[in-house]
Amino acid sequence: MVHLMRWSLCRIRNVGWWMHFVCIVAVHSVHAADGPAPRIDNGLIAAYSFVEPTNAVITDDLNAAEALRIHSPQAIQYQDGGMAVHASAMIVSDTPPQHVIAAVKKSNALSVEVWLQPADLQQKGPARIFSISDGPSARNMTLGQDGDRFDVRLRTSSTDQNGMPSLASQSNAVSTERTHVVFTRNAQGNSILYINGQENAAKQQPGSLENWDEQFRMAVANEVSGDRPWRGHIFLLAIYDRSLSATEVQQNFSAGIPGGMDYNALLPEPLDRSVDFVKDIQPLLKDRCFDCHVSGNEEGGLNLGIRQRVVEGGEHGPILIQGDSQHSRMIHMVAGLDDVARMPPDGEGDPLTDQEVSLLRTWIDQGMPWPDGTDILDPRMEEAKTHWAFQPLHAVTPPDVQHDDWVRSPVDRFVLAKLEAAELSPSERVDARRLIRRLYFDLIGLPPSPEQVDEFVEAANRDWDSAVESLVDSLLASSHYGERWGRHWLDVARYADSDGQESDRDRPAAYHYRDFVIQAFNDDMPFDQFVRWQLAGDEIEPNNPQAFAATGFIVAGPFAALPDRLMEDERLRNRYNELDDVLSTVGTGMLGLTLGCCRCHDHKYDAIPSRDYYRLLSAFHTGERAELKVGDSSEKIFGFAETRSEPAPTWLFARADYYDRDQPVQLGFVSVMTSAKTPDIYWRHAKETSQANNSTNQRHALADWMTDEDDGAGPLVARVFVNRLWHHHFRHGLVRTTGDFGVRSEPPTHPELLEWLARDFVSHGWKVKRLQRMMVLSAVYLQASGKTPPDVDPQNRLLSFMPLRRLEAEILRDSLLSVSGTLNKAQFGPAVRAPIAAEAILARNLKDGYPKDIKDGPEVRRRSVYMFHKRVVPNPLLAAFDKPDAQQSCSRRDVTTVAPQALALLNDPFVRTVALEFADRLMREAAEQQVDATSDQTIDRAFQLSLGRHANERELTSSRAFVQQQIRQRHERTKGLTLEQATQEALADFCQVLFGLNEFLYVD
């Protein structure tokens, strides 16, 4: 009979809190005549109980006019006679609590009593449990949690408007058990904080409460402004206009929680034995729950087939509390304690038996064991796992070929086998002069000098193999190697030196990321470490400036710093656009997957649900862009930093609606590539091994999964990067859709070769230079170019010859500087601004404008990778030659052939200046050799410097005639022009002609 009375209490709605308590006392009296004394009501001015309210309004049981409105019901559950806040909530009064404020001001004293149960000890700020305030910096009174302490801020005439200095409890006062907290302050200013009926801290807080602001509103589990959320369970809030005595506090503590319920008395008891998930629990879930709650049919957003999804719960939050079955909502539903959410619903199956409920209770109380590899996935997901890109790395044996003498490396066998099958043959070997130019541009992005060309040709004539290997090794060891290959990765990372968007603020510290990338390639940093540091360097090595600089990858994208006046909606839109940019870049850049499609819906083609997108987003949700000094670094480094050690609440936004917060999610990865090791395992390992204390370590877990070649995404990451290397060396990747390896991608032209390369790459420590060395020493790479594609392979997919490749925009500029002798080879450091014509700076409303009066000189003649890239003010010459705008990750540059390119080479002021400097170099060298500036020797020298070869007789004759004609015409047209000046101008005209040749612009 007692149990029935207890249960009836939780069904009472819209009754006064005090009457509710009287009923509870009656229940207690059935147990013992000398039950707890009644609660204190003398001086009580407000009382809130938190049983499930009507219309999302929690009324003051003494004054109905002063109610709290719940603006985020999706963040709240009601259980055990209280309100469980599991995500950022907004529970705020519509109007100021005038009755409470007036009573406290009149008495100059108060007591605030709360029964609560914090979710964890990581909540800081302090997180607001109860507040009467206007925001985080102006309050009448606040009770908050700051880690393992409670913190009370009370505004008096002797404090500032923030209520400082505060009264803090002793350390370890906060626990995750149910706790009774009372703060009292009498008219003389004596303040005491009681925890579970015992005095914990005391302080004198003099002054009057007459300055309490009557316009401040009341909030629970957050600040009025919504930026200090607290998570946990709240059972009661009571406010008195006087200071309770120690005896009265103890009496209220002894009375217990109004509305509390002994669920153990209402539920079948747990079993007195161990349960086995696979044998006992999973069959029960399959039989009774999977019709409605498994992948493909997730009613209420609940999936009971995957461990992490069970932990996350459904649209209304978690349903299980590990180790606590009596308070787990799932048990209440399957046991029929919740008439509204009974499971299975009436008419859709027989209720669970007591034995089945007991079995589930036992499993939960024993910690919810769920062995690795026992998740039951969507059958569609299992089918998707058969896609070639998602397979584990496997051994491939290079095929046998007929013409074995052509083979120089295992790479050649795969290519030659395809050619022989198509009855095609490879091209002849490239000559030495073309090869050195090819290798120089491919590996360091600069042209070889005439002396280097001649030296290599002589060495190759003596011993071809030795000369080529020696050249490749020297170029891979060059400090310019990182500048070349770092530029390729900066395309992927969408790196720039300004924010972009309308204001386009400068990022003076962004260069640290660019320098990290260049140095990493120069040092041959293992690519898995390169990836890991870019995702979580600050968590993996928190005291290493280079590791922190690596996180510039995350924040390299466009960003808008919003003014304070903008509304929350604009801020949320900007925040989630920024996070989408991060996920999209990680997707295309590292995984070769178009993750951005999943922001609004499940991927249309690939088996990537929208939930996976938001679970990945959780890894970045707690951090933000930051400029910090790290370790012994004297400079601020621009990167990504966590703001706390507890993950920020993350939800699945239906159709990307960031106000739709019905389905909370936890850290997770792309399901199709997640096998035996769950995200929880990666996260647990990351936390156990991390040196970063004030961080969630979720990105660390993501980095571990990303590079795990056995159970994570490592095989795909390796395939994507190997394909990128092939793309840059052979113009096209083995998979031509370099940023998309999903089911709609182009299949690999040589799948076995891609697999062999990826496995070889991983098995040899993810070393990039070793892999490149093998590629450029292969017979495939050493083929000549210029061959007409055969009819059976018009796009040269079978690689029967080397394709022509045009110089990228930056390498074109670097080549112009190099041949003119004005390239400044200084490395690293802040970006340099090169002159841009004022008429080319069209942007308006910039926070930091681009200077229009920059002087040209040696300090700005550095390699283009060190140029200041302002997103909305592109360099005209580089833009004409297809330099990406860095608005998003670029996996493969466009290569266009359009008229503005020729016009730029003819009219761009920089090109003309460099042509004059090239002419000046030719004239100085001619003077040193004591030959005429227009002689065949000078013209031949120009060919050697610009094209890497000697001029033939026809070229000498036509070039000499052109230069002499230009001297005459310029001398005749321009008064006062000396012969020497006319000669330099004419030679500059000739140099510009050379700059416009296909032979200068293309590498064959």
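Here the structure is shown first, and the text comes after it.
From a predicted model like this one, the values you see are computed outputs, not experimental measurements.

Trainee: Kindly report on the overall build of the protein, identifying the contributing residues and their values.
Mentor: In terms of helices and strands, the protein carries 33 helices and 24 strands. When its C-alpha atoms are laid out on the principal axes, the protein stretches across 120 × 70 × 40 Å. Taking all 1004 residues of the protein together, 58% fall into the buried category. Here the analysis covers contacts within the protein between residues at least 6 apart in sequence; of these, 69% occur between residues at least 24 apart. Measuring between centres, the 105 positive side-chain charges of the protein sit 4 Å from its 140 negative side-chain charges.

Trainee: Residue-level account of helix H22 (residues 698-706), with values.
Mentor: Of all nine residues in H22, nine are buried; the element is thus mostly enclosed. Within H22 the residues assigned to the buried category are Gln698, Arg699, His700, Ala701, Leu702, Ala703, Asp704, Trp705 and Met706.

Trainee: An account of the sheet that holds strand S6 (residues 91-93) is needed here, citing residue identities and associated values.
Mentor: Pairing within the open sheet is antiparallel, and its eight strands lie in the order S2-S3-S6-S15-S8-S9-S10-S11. Of all the strands in the sheet, just strand S2 (57-60) and strand S11 (167-168) have a single pairing partner and so form its edges. As paired elements, S2 and strand S3 (residues 63-70) share three bridges and run antiparallel to each other. Residue pairing across strands places Ile58 opposite Leu68, the latter belonging to S3. Contacts between helix H3 (residues 98-107) and the sheet are confined to S3, strand S8 (127-135) and strand S9 (138-146), with S3 contributing the most and set at about 115° to the helix.

Trainee: Describe in detail the pairing of S3, supporting the description with residues and values.
Mentor: The hairpin formed by S2 and S3 contains two residues between the paired strands. Pairing geometry for S3 and S6, over three bridges, is antiparallel. Each residue of the ladder has a partner; that of Ile70, found in S6, is Ile91.

Trainee: Provide a residue-level description of the packing of aromatic side chains, including the pertinent values.
Mentor: Scanning the entire structure with this criterion turns up 33 aromatic pairs. Judged by centre distance (5.4 Å) and plane angle (65°), the rings of Phe521 and Phe530 are edge-to-face. In this pair, the class of Phe521 matches that of Phe530, namely buried. Judged by centre distance (4.8 Å) and plane angle (20°), the ring pair of Phe669 and Trp705 falls under stacked. Remark: Trp705 occurs in helix H22 and Phe669 occurs in the loop between strand S22 (664-665) and helix H21 (679-689); sequence separation between them is 36 residues. Three or more aromatic residues joined by ring pairs make a cluster, and in this case those are Trp489, Tyr495, Tyr513, Phe516, Phe521, Phe527, Phe530, Trp533, Phe553, Phe721, Phe761 and Trp766. When the ring centre of Phe553 is taken as reference, the NZ or CZ atom of Arg494 above it lies at 5.8 Å.

What counts and how
Residues numbered from 1 in each chain as written. Predicted model: local features only at pLDDT ≥ 70, side-chain atom pairs only at ≥ 80, totals over all residues. Heavy atoms only, no water. Helix = DSSP H or I, 4+ residues; strand = E, 2+ residues; numbered from the N terminus. Buried < 20%, exposed > 50% of the residue type's maximum accessible area, 1.4 Å probe, protein only. Contact = heavy atoms within 4.5 Å. Lys, Arg positive; Asp, Glu negative; His and termini not counted. Charge placed at Lys NZ, Arg CZ, Asp CG, Glu CD. Pairing = 2+ DSSP bridges. Axes fitted to C-alpha atoms, helices over the stretch in contact; angles between N-to-C directions. Phe/Tyr/Trp six-rings, centres within 6.5 Å; stacked < 30°, edge-to-face > 60°. Lys NZ or Arg CZ within 6 Å of the ring centre and 35° of its normal.

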